[in-house]
Amino acid sequence: MHFHLGIQFVFRFFRMNSFPEVSVQALHDAVRTVPDFPQPGIAFKDVTPILLDPVLFRQAVEALAEPFRDAGVTKVAGIEARGFLFGLPLAEELDAGFIPIRKQGKLPWRTYRMEYDLEYGADCVEMHMDAVVQGDRILIHGDVIATGGTAAATAKLIRKAGGELAGFSFLVELDYLSGRERLESDAAIGPVLRFDA
Ligand code: AMP
């Protein structure tokens, strides 16, 4: 047991020090803004260039983990599909489990579901019924917080399943959409990169 922990520590220490430091500005610069995708008027924040670069990728995961290292997180709930990209390594970094939060009809077993309003129509998030157990502290993670509707519905889903909320983690926050106002007012929110346009 001790040997195993020792190895893990050495591995982490090595991993943390085997990459050069990059700045938050470098991460910010790597996010590509694609105008008019997927519809006219939307400035889409594309985080995939970060994934192409192992130094930026590692730095992004560490920056996501930093505010929550002492938050007692037992599981990260990643919102599909781009919330899986960084959510999985984030869970590993925090020594936590991972819950896939999916859109309607994608999960094979019994689910809890939560509907939420969109500008036009409604959407729905689902989670397997055995994903949250008593005592779990869940960190919700998405790639981007835009209007905050999906993250807010995910929080309700976690509560419905009896989980405690450790906070919200996003790689990108779109300040101009004020999504954080839809989240629980006392929740810890950890965006790594903020954009005002
Ligand atoms: P929302 O519920 O409005 O916060 O956004 C739901 C999801 O849509 C986010 O988790 C993003 O993956 C995606 N999304 C919305 N707006 C954008 C955008 N401008 N750029 C990239 N992704 C976006």
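What this report covers is the structure whose coordinates are included nearby. (Residues numbered from 1 in each chain as written. Predicted model: local features only at pLDDT ≥ 70, side-chain atom pairs only at ≥ 80, totals over all residues. Heavy atoms only, no water.)

### Structural notes on the pattern of salt bridges
Note the following rule: Any carboxyl oxygen of Asp or Glu within 4 Å of a side-chain nitrogen of Lys or Arg constitutes a salt bridge here. Numbering goes from the N terminus for both helices and strands, where a helix is a DSSP run of H or I of at least four residues and a strand is a run of E of at least two.
Under the criterion given, the structure shown has 16 salt bridges. The salt bridge partner of Lys103 is Asp123, with a shortest N-O separation of 3.6 Å. Of the two residues, Lys103 is situated in strand 4 (residues 97–103) and Asp123 in strand 6 (residues 122–128); the sequence distance between them amounts to 20 residues. Residues Glu126 and Arg113 are paired through a salt bridge, measuring 3.3 Å at the closest nitrogen-oxygen approach. With Glu126 in strand 6 and Arg113 in strand 5 (residues 111–117), this pair connects stretches of sequence that are 13 residues apart. Residues participating in the shared-partner salt-bridge network are Arg58, Glu62, Glu66, Arg69 and Glu93.

### A look at the sheet that holds strand 3 (residues 75–79)
Put simply, the rule is: Strand pairing is assigned whenever DSSP identifies at least 2 bridges connecting the two strands. Fitted lines through C-alpha atoms give the axes, limited to the stretch in contact for helices. The angle between two N-to-C directions lies from 0 to 180 degrees.
Across the sheet, which stays open at both edges, the seven strands sit in the order 5-6-4-3-7-8-9 with mixed pairing between neighbours. With partners counted over all chains shown, the strands left at the sheet margins are strand 5 and strand 9 (189–195), one partner each. Looking at each pair of strands side by side, their axes are set apart by 20° on average, direction ignored. In this sheet, strand 6 lies alongside strand 4 in antiparallel orientation, the contact comprising two bridges. When the bridges of strand 6 are listed, Lys103 appears paired with Val125.

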